[in-house]
Amino acid sequence: MIAVEEGYMNLNTLWFALIGVLWTGFFLLEGFDFGVGILLPFLGKDDTDRRVMINTIGPVWDGNEVWLIVAGGAMFAAFPNWYATMFSGFYLALFLILIALIGRGISFEFRAKQDSDSWRRWWDRATFWGSLLPALLFGVAWGNILRGVPIDTQQEFAGTFFDLLNPYSLLAGLTSVALFTLHGAVFLTLKTADPLRVRARRAAIRLALPTTALVFGFLAWTYWNAEQMDNKGLVPGFVPIAAIAAVAVVAWLLREELEGWAFLATALSIVLITATIFLNLYPRVMVSSIRPANDLTIWNASSTGKTLGVMTIVALFFVPIVLGYQGWTYHVFRRRIRREDIPGS
Amino acid sequence: MDAIDLSRMQFAITIIFHFFLVPLSIGLVFLVAVFQTAWVRTGKIVYLRATRFWGKIFLINFAVGVVTGIVQEFQFGMNWSTYSRFVGDIFGAPLAIEGLAAFFLESTFLGLWIFGWNRLSPRLHLACIWTVAVGTMISAFWILLANAWMQHPVGYTINEASGRAELSSFVALMTNSTLWIHFPHTILAALATGAMFVLGVSAWHLMRKNEVEVFSKSAKTAIIVGLISSVGVAFTGHIQAQVMTEQQPMKMAAAEALYSTQEGAEFSLFAIGKLNNEEPGLNITVPHLLSVLATNSWNGQVQGIDDIQAQYEQRYGPGSYVPVVWVQYWSFRLMIGAGFAMMALTAWGLWKMRKGTLETAHRYLFLLPFAIALPQLSNTFGWIFTETGRQPWIVFGLQLTRDAGSPVLSAFMVGLTVVGFTIVYSALMGVAAWLMTRYAKAGPPEVDPDSIPTTVY
């Protein structure tokens, strides 16, 4: 058991938690964007359907992606050694993620700019792969952070790209793909109208069981890993159990046509799984598979108290404002999108 | 080439490509906001059509700027991990604040603007585009704060135990003199970039007598914004040169290829031959101008490269502290030359406007589409000048670029990503330029203000 000598009431712990919140926000929001992108070729029977799907996330996807950028910036500011070790260590994986996000980000804007089927098909591919790849690789990355990667005494990554592709982390990646796809499918049942909505619901119900199995498998393995290393961190058993329960009830909620509740359930599951990872990590930020003394922690990876203090004031000021106007956006665009809304269809 | 050289190349490719887009975005969104304000206040359809037309081109440009910006943020950790560890306590904060205070604002309100026609009240909808415009400037402020610190580190102490730079005063970062001259210079350059773009496209249409009302209004607005901002760029640039002479004398000396310290130094307009002091070729100069520019006095002293090198060797130890002189010399001149050309063109435009013959001034209009390249040249060479002029330092006086890379990266890995990014950026550049040209040439579509679609993609 890793001792937490300094207690919880300190800025390092606060920033660890805040970075957890930022990643949670990213997975929760961009999660359904990724899901919609992954489902695009499967649920979009014709161009109008696909346009409906893209328009459900159109006003919000860019704002959702900023959660990632801010999470990265916050890691740099609060835990520079975490940022430096992780970003240089996961170099090729991040390169792939960046290329994918570039293709995806422009696909929405560019797709509509030329009236040609082959043009649109190209951008649909960019949307699909640009959603699938990050959904997979972010899962793999976080699996590795928690499971441990070779980190030497200089806090440098001492492995290769292929070290990242271990069974546990690949399971983490599959779980995130499945969960985001399910999350996206449920989102579409909320945001579209029949018949697309019916297809989305059917897809969600079909995905729910395998996703539950993956979530269960991932969390059980996580728990087993922690037990092996005699470190359960802070995870109370109820957090991962509630994560499994939340995703397990999605199919039932959808059959009862409780779509809002189903969305809440997938959202809750994402939040609780991310919480499990962060609670299990604490007070570490990256685990060394070489030896525990090489672990990066909220202490040896952090900025000074002064910087953390300044950043705390900034965050306390801006985070509520951001939450306010992002929430308002979802309110403005709360309506379902129908085929009739698409001009020229 | 080793991993460091390749990382430098990747950083340069990414930031140059990114910076083709960013100033144009900042400038265009400002003009779009101006046109939409005119629409809301006057209710004249011509302003709505201008808003929709320039807005569409802005969005294509913005999308590419956003996706390359993510690379920008990730690269510090990916390729410059030693740098990130060394400066993270100071440099990370402005990046995080940029995200919190600006990126959220820009992206969220841009979404509201794109999809919010007829869903928000006209005034609220107008406020959205202004929020985006202000957001882009807030973003510029924080990233320039970070860059200014690399040029002129302030508000830090070096922790001997950890060997890193640590924050001692956040206020000092915020009040860095370099920042406060960087920021207006860059913002004004961005406004000039947007203005020259709008002017160039408008001229292309005016020559063809196409949509004269929309493009004449657009061109006039652009001439005014372009003239004010390009004069402002020159003015702030002048102050910047003085701040630089004081803070980074080597950069100024290299810009002039001035090897020995001089009083009443002359300004070289143009030189043929090597700039290495040993084989002077043809050099056209203006007496005393450099001293006046750099110090505001007729006989002010400007230090030469050799003297500064000697001082730096004493202070920092053996090694060369001289940037690549010909890059400095020529990037400085190209930046300034393109800037003055913009000033001249917009002043000429103002004169035509006053005479009321702008729409028929064919010789003038013919030049303008080519002038779209001027601010891009000026911006690019300006950054090449200021960033390469800081070399061999990554943080001036504190850390050398060659000591700042990621030790885990092999030249092969970085080579792979350099090739990958270059291919992707080239493709992006090609597609974006093609789309923007197509939409620019197509001209403004008819707009019915009561039935603007609420779905866009």
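Source: prediction; values computed, not measured.

Along the chain, Tyr282(A) connects to Pro283(A) via a cis peptide bond; the corresponding omega equals 5°. Residue Pro392(B) follows Gln391(B) across a cis peptide bond; omega there is 10°. Relative to the helices and strands, Pro392(B) resides in the loop between α13 (373–388) and β7 (393–395). For Glu257(A), which is not a glycine, the phi torsion comes out positive at approximately 60°. With respect to the secondary-structure elements, Glu257(A) resides in the loop between α10 (250–255) and α11 (259–281).

Each partner contributes residues to the interface: chain B has 58 residues there, and chain A has 62 residues. Within the residue set of the side of chain B that touches chain A, elements represented by two or more residues are α2 (45–79), α3 (81–115), β2 (164–167) and α14 (411–442) of chain B.

Moving on, we come to the nonpolar core. With 272 residues, the main nonpolar core has Ala204(A), Val250(A) and Leu31(B) as its most contacted residues. The dominant element in this core, judged by the number of residues it contributes, is α3(B), at 21 residues. Both domains that furnish three or more residues to this core are identified here as domain 1 (3–247 + 326–439) and domain 2 (249–322) of chain B. Once residues lying within four places of it in the same chain are set aside, the contact partners of Val250(A) are Leu182(A), Val186(A), Ala204(A), Ala208(A), Ala262(A), Ala265(A) and Thr266(A).

The next point concerns helix α12 (residues 362–371) of chain B. All names here are of chain B. Restricting attention to buried positions, one finds in α12 the residues Leu365, Leu368 and Ala371. Each buried residue of α12 lies within a common arc of 110° when the element is viewed along its axis, so the set occupies one face. Set apart from the buried face of α12 by more than 90 degrees, the exposed residues are His362, Arg363, Phe366 and Phe370. At its buried positions, α12 is contacted by α6 (177–207), α11 (325–355) and α13.

A few words now on the packing of helix α3 (residues 61–78) of chain A against α3(B). For the pair α3(A) and α3(B), interaxial distance at closest approach is 7 Å and the crossing angle is 165°. Compared by their axis directions, α3(A) and α3(B) come out roughly antiparallel. In this structure, α3(A) meets α3(B) at a crossing whose hand is left-handed. Across the contact of α3(A) with α3(B), the residue classes break down as 13 nonpolar, 9 polar and 2 charged.

What follows deals with the domain arrangement of chain B. Reports of interface size often rely on the accessible area that becomes lost once the parts have come together. All names here are of chain B. With domains assigned, chain B is organised as domain 1 (3–247 + 326–439) and domain 2 (249–322). Domain 1 and domain 2 are separated by 29 Å when their C-alpha centres are compared. On the side of domain 2, 14 residues touch domain 1, which itself brings 13 residues to the contact. Of all the secondary-structure elements, those providing two or more residues to the side of domain 1 that touches domain 2 are α7 (212–247) and α11. Per-element accounting of the side of domain 1 that touches domain 2 gives the leading share, 5 residues, to α7. Residue composition of the side of domain 1 that touches domain 2, by class: 7 nonpolar, 5 polar and 1 charged.

Turning our attention to α3(A). Over its 18 residues, α3(A) runs 26 Å from end to end, which matches the ideal 26 Å to within 8%, given 1.5 Å per residue. Most of α3(A) is tucked away, with 18 of its 18 residues classed as buried.

Take the packing of helix α1 (residues 3–42) of chain B against α14(B) next. Residue and element names in this part refer to chain B. Here α1 crosses α14 at 15°, and the two axes come no closer than 9 Å. When the axis of α1 is compared with that of α14, the two are roughly parallel. Crossing geometry of α1 relative to α14 is assigned as left-handed. Residues Ala3, Leu6, Ser7, Met9, Gln10, Ile13, Thr14 and Phe17 of α1 lie in contact with α14, whose contacting residues are Ala411, Val414, Gly415, Thr417, Val418, Phe421, Thr422, Tyr425 and Met429. Residues belonging to the contact of α1 with α14 are distributed by class as follows: 11 nonpolar, 6 polar and no charged.

Moving on: the environment of Trp54(B). Residues and elements named next belong to chain B. Inspection of the secondary structure puts Trp54 in helix α2. Separated by 347 residues in sequence, Trp54 and Thr401 have C-alpha atoms that sit 41 Å apart. Ignoring anything within four residues of it in the chain, the contact list for Trp54 reads Leu28, Leu31, Val32, Phe35 and Val198.

Moving on to the pairing of β2(B). Moving residue by residue along a regular strand, the side chains alternate between the two faces of the sheet. Residues and elements named next belong to chain B. Taken together, the 4 bridges between strand β1 (residues 156–159) and β2 define a ladder with antiparallel strand orientation. Among the inter-strand pairings, Thr157 is bridged to a residue of β2, identified as Glu166. From the end of β1 to the start of β2, which pair antiparallel, there are 4 residues, and Gly163 there has a positive phi angle of about 70°.

Conventions we followed
- Residues numbered from 1 in each chain as written.
- Chains lettered and ligands numbered in written order.
- Predicted model: local features only at pLDDT ≥ 70, side-chain atom pairs only at ≥ 80, totals over all residues.
- Helix = DSSP H or I, 4+ residues; strand = E, 2+ residues; numbered from the N terminus.
- Contact = placed C-beta atoms within 7 Å.
- Core = buried A, V, L, I, M, F, W, Y, C linked by C-beta atoms within 7 Å.
- Buried ≥ 20, exposed ≤ 12 C-beta atoms within 10 Å, placed from the backbone.
- Domains from an automatic or database assignment.
- Arc of directions from axis to C-beta.
- Axes fitted to C-alpha atoms, helices over the stretch in contact; angles between N-to-C directions.
- Parallel < 35°, antiparallel > 145°, perpendicular 65-115°, else oblique.
- Left-handed = near helix turned anticlockwise from the far one by under 90°.
- Nonpolar A, V, L, I, M, F, W, Y, C, P; charged D, E, K, R; others polar.
- Expected span 1.5 Å × (residues − 1).
- Pairing = 2+ DSSP bridges.

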